[in-house]
Amino acid sequence: MGSSDQDRAEFEEFISIAAHNLREPLRDVASFSQLMAETYAGRLDPDADVFLERVQEGAARMQSLLTDMVDYWAAGADERQSSRTDMEAVFHQALLCTDKQMVERSATVTHDPLPPVMGDFEILAKILRHLIRNAIEYCDAPPSVHISCKRVDLDWVFSVQDNGPGIEPAFHERIFGVFKRLHGREYPGNGLGLAFCKKAIEWHGGRMWLDSAPGTGSTFYFSLPAAD
């Protein structure tokens, strides 16, 4: 292993260990603040209830950030292997992880028949989960998401189309950057989801891009090697 490869391996190990060690105290903060909120609800002054709610929200954001950081740094791990992967199964796994948001927002998610590809099932499910979740969260109208694909030479090109507000072309590259957000705290997220998706697709040997304009919704595209 070369020096740069060793440095990267050590850094990724550090990120993984640090995230693991931070999760335990964060769980304590989340658990005890929830316990206090339930035990003393209405018995403290109104400000105290608000403060406890903010503590719980902060702990939840930090837990989500740690999870996404580990996912991001693991997306290009050399030990992962590509194999024949059923994208229909990947789609249904992604839906399981977004079911709560779909119900809360009355979202509709549809898809054309999806082919097998060469990839990592877990990573591909996380990619679709991020794209579907973003399409739901950033849409003011009842969200509608459609996933389709077409064959281009040796790859399948997938598209995830939504009916959201759209994104200015000037920001199409920015949104794939680490911690680059176009919205404030009024929307959930930490600026790592799309960065993870792009990095993971490139690890698979594909590429990812966006077609969008204000008022027309957004379509995220990504290519993956065909399984045949």
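Residues numbered from 1 in each chain as written. Predicted model: local features only at pLDDT ≥ 70, side-chain atom pairs only at ≥ 80, totals over all residues. Heavy atoms only, no water.

## Here we look at the pairing of strand β6 (residues 208-212)
Where burial is concerned, the two faces of β6 differ: the one with Met208, Leu210 and Ser212 is buried and the one with Trp209 and Asp211 is not. For β6 and strand β7 (residues 218-225), the ladder comprises five bridges, and the chain directions are antiparallel. Its bridge partner lying in β7, Trp209 is registered against Tyr221. In sequence, β6 turns back onto β7 through a hairpin of five residues, with Gly215 there showing a positive phi of about 85°. (Buried < 20%, exposed > 50% of the residue type's maximum accessible area, 1.4 Å probe, protein only. Helix = DSSP H or I, 4+ residues; strand = E, 2+ residues; numbered from the N terminus. Pairing = 2+ DSSP bridges.)

## Here's the deal with the packing of helix α3 (residues 87-105) against helix α4 (residues 121-137)
When two helices pack together, their arrangement is captured by the angle between the axes and the distance separating the axes. Where α3 meets α4, the axes come as close as 8 Å, and the angle between the chain directions of the two elements is 30°. Relative to α4, α3 is oriented roughly parallel. Between α3 and α4 lies a crossing of right-handed hand. Listed contacts from α4 to Met87, Ala89, Val90, Phe91, Gln93, Ala94, Leu95, Cys97, Thr98, Gln101, Met102 and Arg105 of α3 are Phe121, Leu124, Ala125, Leu128, Arg129, Ile132, Arg133, Ile136 and Glu137. Looking at the contact of α3 with α4 residue by residue, the classes come out as 14 nonpolar, three polar and four charged. (Axes fitted to C-alpha atoms, helices over the stretch in contact; angles between N-to-C directions. Parallel < 35°, antiparallel > 145°, perpendicular 65-115°, else oblique. Left-handed = near helix turned anticlockwise from the far one by under 90°. Contact = heavy atoms within 4.5 Å. Nonpolar A, V, L, I, M, F, W, Y, C, P; charged D, E, K, R; others polar.)

## Things to note about the pairing of strand β3 (residues 116-119)
Walk down a regular strand and you will see the side chains alternate between the two sheet faces. The alternating pattern of β3 places Val117 and Gly119 on a buried face, while none of Pro116 and Met118, on the opposite face, is buried. Inspection of the sheet shows strand β1 (residues 83-86) paired to β3 by four bridges, in the antiparallel sense. Among the inter-strand pairings, Arg84 is bridged to a residue of β3, identified as Met118.

## Structural notes on the sheet that holds β6
Reading across the sheet, the five strands line up as β2-β4-β5-β7-β6 and stay open at both edges, with mixed pairing between neighbours. The sheet is open, and its two borders are formed by β2 (108-111) and β6, each paired with just one other strand. Pairwise comparison of adjacent strand axes, ignoring direction, gives a mean angle of 20° for this sheet. Pairing between β2 and strand β4 (residues 144-152): four bridges, direction parallel. Residue His111 lies in a different strand from β4, and its bridge partner there is Ile147. Relative to the sheet, α4 contacts β2, β4, β5 (155-162), β6 and β7, its axis offset from that of β7 by approximately 175°.

## Brief notes about a negative patch on the surface
There is a patch of like negative charges on the surface, built from Asp45, Asp47, Asp49, Glu53 and Glu57. Looking at where Asp49 falls in the secondary structure, it is placed in helix α2 (residues 46-74). Residue Asp49 is classed as partly exposed on the basis of its relative accessible area, which comes to 31%. (Patch = residues over 30% accessible without salt bridge, like charges linked within 9 Å, V, L, I, M, F, W, Y side chains within 5 Å. Areas by Shrake-Rupley, 256 points an atom, 1.4 Å probe, with all protein chains shown as cover. Salt bridge = Lys/Arg side-chain N within 4 Å of Asp/Glu carboxyl O. Lys, Arg positive; Asp, Glu negative; His and termini not counted. Charge placed at Lys NZ, Arg CZ, Asp CG, Glu CD.)

## Details of the pattern of salt bridges
Side chains that differ in sign of charge can pair as their charged atoms come close. All chains considered together, the criterion is met by three salt bridges. The partner of Glu202 in a salt bridge is Lys198, with the nearest N and O atoms 2.6 Å apart. Taken together, the residues span about one helical turn, with Glu202 and Lys198 both in helix α5 (residues 193-203) at a distance of four residues.

## So, the packing of aromatic side chains
The full count for this structure, using the stated rule, is three aromatic pairs. Seen in terms of ring centroids, Phe158 and Phe222 are 5.3 Å apart; in terms of plane orientation they differ by 15°. Their pairing is stacked. With Phe158 in strand β5 and Phe222 in strand β7, this residue pair connects regions lying 64 residues apart in the sequence. Assessed through its relative accessible area of 1%, Phe222 is described here as buried. (Phe/Tyr/Trp six-rings, centres within 6.5 Å; stacked < 30°, edge-to-face > 60°.)

Function cannot be read off these values alone, since they describe shape.
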